[in-house]
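Reading the structure
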Amino acid sequence: MSRMTVDFGIDLGTTNSTIGVLRDNEVEIVKNNEGLEYTPSSVFIDKNGAVVVGRRAKERLETDSQNAYAEFKLQMGTNAEHIFARSGRRMKPEELSAEVLKSLKDDVKQRLGEEVNAAVITVPAAFELPQCKATYAAAQLAGITFSPLVQEPIAAAMAYGFHRVQDEKVFWLVYDLGGGTFDAAVMQVNEGVIHVVNHGGDNHLGGKLIDWAIVEQLLVPALTRERRLSDFRRGNPKWGKAIAKLKQAAEQAKIRVSRDRTTEIMLESLCLDDDGDPVDFEYELRKADVERMAEPFVLRSINICRKVLSERKLNVNNVGKVILVGGPTLMPYLRERLADPKEGLGIPLDFTVDPLTIVARGAAIYAGTQRNENTIIMPVSAGQYALELEYKPIGLEPEFDLGGRVIAGEGQSLDGFTVEFVNERAQKPWRSGRVAVGADGSFMATLWAEPDHQNTFRIELRDAVGNAHETVPDSLEYGFGMVVSNPPLIYSIGVALANNEVRVFFEKGTPLTAPIPVRKRFVQKLAYRIAKGQEGETIRIPVVEGEHKKADRNKLIGYLEISAAQIKRDLPAGTEVEVTIEINQSRLVRARAFIALLGERGQEFETELNMEKSIPDTSEMAKEIEQEKLRLEEVRRKLYATGDAGAVPILEKIDGEKMVEEVESSLDAALVDRDAADKCQNRLLNLKATVDELEEALMLPGLLAEAQEMIEWTEEVVTKLGKPPDQRKFEQMKRELLLAMNGRAVNPTVVSRKIEQMDSLRLSVLMARTEWWVDYFLHLEKMRDEMTNQAQAEQLFVQGRRAIESGAGDIEGVKNACRQLLQLLPARQQQTVGRFKSTLM
Ligand code: ADP
Ligand code: MG
């Protein structure tokens, strides 16, 4: 197979190396012979002179240090030489790297049957020309004759789709902690191209140092406490083998506690002690110990990041996110530490792409945009025609231009020749029509590709009388998208709830990587009773896309609806509904609802929603825009009347950004243009959210008064009727609420939430008393006529009365009666909040 684009991407790492390949716009990491996605960059020459790369070589580093080497990447571009004692072979760093590359090539050969002769190779941001040249040389030695280089942080950022970020003021920080090196790079996008604007690092900082700290500070002291082992230390050749075993065990245990809280290290007959007795070593390694060992290194890395930022006069607010690269970033402790606003960087972290393979992934993505120069085959054999093609093999548009030249054999004329391109496998096969070839063989054509997948165009060359001639190459490829294998989710996806909040299922940026489909499940509850068969009644589950806290400020993807006719029994309020959302590669969203209460084994309902094809309805939007304008005018009047200072900047933003005008003008365009309709919808949602903000700001005085009132009421109830724990809880809540009310920037949402919390405390104190339930029961008695099952209701009224009159105050009996009576009230059309009218809570 001769690829038109490079497609292979290699992370030639200091500790580990990985190769990825772009297949059908998707990155696949090619596993090595041991089934692992990364291969240690270690080289060993065995007794027979055979070169061994990978895990087996790594295991020799400590035990056979004269015949095994690693970390030669650090010496690339220097004249260092590594001597393999047994075989006497001397190897330069690029030769050692070439062995690693060959090993990766062999894995591809074995897994995919393909010979890699072109690959993008990544290099650290700090690599200068000599180091890059050495990397090229390594590629050449390995038979990779075409090897564009790309910087590691750029590849990593590409794997997160950074090149598609529109905002050029956004910076990202790539935090790459490897086995022995640390790199921090600040990135920025300029016209779709990613740049490293500053970088820093430390070549002696990485996972390996944690392993050694574990060995030296934990394992060796424990071992020498138990047994007589004189001068047992790293660097004493006498104990080399034992130390090597400890180091390997420490690394593996360290990796295990990234997931588990504690792990066992067990080494049988590690060595012989001074008395000649075999030593069996057991040690329980705790997560906390590893964290303690890692802390100084983490701190160092944070300081480097701070420096890298301050050198560019950037503060944490300028940086959109930190992306994590490298094995040690899998440690939960490291992530918490980095995310901490005071002690860490305080910048949101992203680690949704596997930090061990991310660089190779990004490299493969980049490789998909690089034309494979190896596939231009010349010179031409008799009767064959060579083609030189000039075009971008990956783009965003279905139409693309192509230039080229036909190269004929010696003395052959191209008079009257034509070339035609045929997109045969498109659903509607497409032909370019015959394009004339100039006397010098050159031609120009515009081709059409079918969106959303890889297109192959067959090339037909004909002479003046219409006979077809063979060409090299005989086809060309064109793919869609800005190459990213699996563009991550651009928006969060969730379910709108009855109170107009969102239950987020997938955060924005979630990669749609294997195993596809991605799937998540949450158990929600019915917000109100649904009676079976009731006309017009449905369980409505709205699936939305967007970042707004208010559900209906987000885009509706669609509904999963279950009509009352489909259910076989009444479902009380609070019935559990297990909602599953699934997204596949083509971004089809499947929503499922499972209700255990239905039937013996429960019942499942399902629907498929399409995220991409929902064209917003322009007439609906037109109506909403009018509503929004009215709402805005009303708030504006209120604002002028009260002169509330807090709300002024928000109004200024609406006016300054000409939000209303923007929405209106995009509505006009939306009538003819699909893109504008999307834009209109987005802007409209944005306008709504900003008017919300304005309303909230104006409601603040009212809200604060409400809060004050709530404090007073609750105080009264708790003092009179509460128990000591209620009192304490109240005091705490009061402190928090006052703090929220008196802060510099009052957040209305927080204040409302605290009011609600206090209200439920008040209610719970009240509800602990028989009197409250008796009152409630009396209230229900007044609704006697509305009960849907009169006979049953009568029975419950009798039961309740009896409980009340039992003298001892049978609170449970009263409660029970109340609860059951509640279910007998007609399924009321509960007022749900928000446009989407969700049935779930
Ligand atoms: P490099 O970029 O130097 O080639 P890697 O990114 O492959 O290095 O990182 C290798 C390091 O990551 C090793 O020190 C290894 O112990 C460590 N590592 C791998 N997986 C984990 C894990 N789950 N938790 C902690 N450390 C890990
Ligand atoms: Mg690395």
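Computed from a prediction, not measured in an experiment: that's the story for all the values here.

Procedures and definitions
- Along each chain, residue indices are assigned from 1 in the same order as the chain's sequence is written.
- Lettering for chains starts from A, numbering for ligands starts from 1, and both go in the order in which the items are written.
- Reporting of local features is limited, given that this is a predicted model, to residues whose pLDDT is at least 70; pairs of side-chain atoms are given and counted only at 80 or more, and all residues count toward the totals for whole chains, interfaces and linings.
- Note that the side-chain values use all heavy atoms of the structure and ignore hydrogens as well as water.
- Buried residues of nine kinds, namely Ala, Val, Leu, Ile, Met, Phe, Trp, Tyr and Cys, make up a nonpolar core once their side-chain atoms join them within 4.5 Å.
- Only protein chains enter the accessibility calculation, which uses a 1.4 Å probe; a residue whose area is less than 20% of its type maximum is buried, one above 50% is exposed, and one in between is partly exposed.
- Residue contacts follow a heavy-atom distance rule, with two residues in contact if any of their heavy atoms lie within 4.5 Å.
- If a single non-hydrogen atom of a residue is within 4 Å of a molecule or strand, that residue counts as near it.
- Here a polar contact is taken to be a pair of N or O atoms separated by no more than 3.5 Å, where protein atoms must pair a possible hydrogen donor with a possible acceptor and residues adjacent in sequence count only if both atoms sit in side chains.
- Note on areas: these come from Shrake-Rupley sampling with a 1.4 Å probe, and a residue is covered only by the protein chains present in the view.
- To qualify as a helix, a DSSP run of H or I must reach at least 4 residues; to qualify as a strand, a run of E must reach at least 2; elements of each kind are numbered from the N terminus.
- In this classification, the charged set is Asp, Glu, Lys and Arg, the nonpolar set is Ala, Val, Leu, Ile, Met, Phe, Trp, Tyr, Cys and Pro, and all remaining amino acids, among them Gly, are polar.
- DSSP calls a pair of strands paired once it identifies at least 2 bridges connecting them.
- Note on definitions: salt bridges are taken to be side-chain nitrogens of Lys or Arg within 4 Å of carboxyl oxygens of Asp or Glu.
- Residue-level confidence of the predictor is what pLDDT reports, using numbers from 0 through 100.
- By definition, no residue in a patch forms a salt bridge, and every one has over 30% relative accessible area; like charges are joined within 9 Å, nonpolar side chains (Val, Leu, Ile, Met, Phe, Trp, Tyr) within 5 Å.
- Charged residues are defined narrowly, with Lys and Arg counted positive, Asp and Glu counted negative, and His plus the chain ends left uncounted.
- Where a charge lies is defined by one atom per residue type: Lys uses NZ, Arg uses CZ, Asp uses CG and Glu uses CD.
- Put simply, the grid is 1 Å and covers the protein atoms alone, a cavity is a trapped set of points that fit a 1.4 Å probe, a pocket is an open set with protein on both sides within 12 Å along at least five of seven lines, and lining residues have an atom within 4 Å of a point.
- Grid points are joined across faces, edges and corners, and a volume is the space filled by probe spheres set on the points.
- The axes used here are C-alpha line fits, helices contributing only the stretch in contact, and every angle between their N-to-C directions lies in the interval 0 to 180 degrees.
- Orientation categories follow fixed angle ranges, with anything under 35 degrees roughly parallel, anything over 145 roughly antiparallel, 65 to 115 roughly perpendicular, and all other angles oblique.
- Left-handed describes a crossing whose near helix is turned anticlockwise from the far helix through less than a right angle; right-handed describes the clockwise counterpart.

Let's talk about the nonpolar core
Soluble globular proteins tend to pack their nonpolar side chains together in the buried interior. In this structure, Tyr175, Ile214, Leu219, Phe232, Leu246 and Phe281 are the most contacted members of the largest nonpolar core, which totals 58 residues. Beyond its immediate stretch of four places on either side in the chain, Phe281 contacts Leu219, Ala222, Leu223, Leu246, Ile265, Met266, Leu267 and Leu270.

Some remarks on the site of ligand 1
Taken together, 18 residues lie around ligand 1, and Thr15, Asn16, Glu251, Lys254 and Ser258 are the ones closest in. Between ligand 1 and the protein, one listed contact pairs an oxygen atom with a backbone N or O atom of Gly179 at 3.0 Å. Taking 590 Å² as the accessible area of ligand 1 by itself, protein coverage stands at 91%. Element by element, the count of residues in the shell around ligand 1 is highest for helix α7 (residues 240-256), at three residues. Taken together, the residues that form the shell around ligand 1 break down as five nonpolar, 10 polar and three charged.

Points about the sheet that holds strand β21 (residues 399-407)
Note on sheets: strands pair through backbone hydrogen bonds, and any given pair is parallel or antiparallel. Read from one edge to the other, the open sheet built from four strands follows the order β25-β21-β19-β28, with strand pairing classed as mixed. In this open sheet, the two edge strands, each paired with only one partner strand, are β25 (442-448) and β28 (471-472). Bridge analysis of β21 against β25 gives seven bridges, and the strand direction is antiparallel. Along β25, the bridge assignment pairs Glu399 with Trp448.

Section: the pattern of salt bridges
Taken as a whole and assessed by the stated rule, the structure comprises 58 salt bridges. The residue Asp273 makes a salt bridge to Arg227 at a minimum N-O spacing of 3.3 Å. Within this pair, whereas Asp273 is found in the loop between β15 (262-272) and β16 (278-286), its partner Arg227 is found in the loop between α6 (207-226) and α7, the two being separated by 46 residues in sequence. As a salt-bridge pair, Glu608 and Arg590 come within 2.5 Å of each other at their nearest N and O atoms. Residue Glu608 is found in strand β37 (residues 603-610), and its partner Arg590 is found in strand β36 (residues 588-595); the two are separated by 18 residues along the sequence. Here Arg590 falls in the partly exposed class, since its relative accessible area comes to 29%.

Details of the confidence of the model for the protein
In the predicted model, the protein carries a mean pLDDT of 86, and the fraction of residues at 70 or more is 92%. For residues 481-487, every residue scores under 50 in pLDDT, and the model assigns this stretch 32 contacts once sequence neighbours within four places are set aside.

Topic: a positive patch on the surface
A cluster of basic side chains, namely Lys47, Arg56, Arg60, Lys241 and Lys245, defines a positive patch on the protein surface. By the element assignment, Arg56 lies in helix α1 (residues 55-58).

Quick notes on empty space enclosed by the protein
Applying the stated rule across the entire model yields five cavities of 30 Å³ or more. Each pocket or cavity is described by its volume, and for the second largest cavity that value is around 60 Å³. Listing elements by their share of the lining of the second largest cavity, those giving two or more residues are α8 (287-311) and α9 (332-339). If one sorts the elements of the lining of the second largest cavity by residue count, α8 sits on top with three residues. In terms of residue class, the lining of the second largest cavity is made up of five nonpolar, one polar and three charged.

Re the packing of helix α11 (residues 618-642) against helix α13 (residues 659-670)
Between α11 and α13, whose axes approach to 11 Å, the crossing angle comes to 165°. By the criterion of interaxial angle, the relationship of α11 to α13 is roughly antiparallel. Crossing handedness for the pair α11 and α13: left-handed. From α11, Thr618, Met621, Ala622, Ile625, Glu626, Lys629 and Leu632 reach across to α13, where they touch Val660, Val663, Glu664, Leu667 and Ala670. By residue class, the composition of the contact of α11 with α13 is eight nonpolar, one polar and three charged.

Describing the pairing of strand β2 (residues 16-23)
Of all eight residues that make up β2, six are buried, and the element is covered over most of its length. By the bridge criterion, five bridges tie strand β1 (residues 8-12) to β2 in an arrangement that is antiparallel. Within β2, the position partnered with Gly9 by the bridge is Gly20. A loop of three residues connects β1 with β2, the two strands running antiparallel in sequence. Two elements, β2 and strand β4 (residues 39-40), share two bridges in a ladder whose sense is antiparallel. Residue pairing for β4: Asn16 is matched across the bridge by Pro40. In terms of strand pairing, β2 meets strand β3 (residues 26-29) through four bridges, oriented antiparallel. Along β3, the bridge assignment pairs Val21 with Glu28. In sequence, β2 turns back onto β3 through a hairpin of two residues, with Asp24 there showing a positive phi of about 50°.

With respect to unusual backbone geometry
Positive phi outside glycine occurs at Glu71, with the angle close to 55°. Following the sequence through the fold, Glu71 ends up in the loop between β7 (68-70) and β8 (82-84). Positive phi outside glycine occurs at Lys313, with the angle close to 55°. Using a relative accessible area of 73% as the deciding quantity, one classes Lys313 as exposed.

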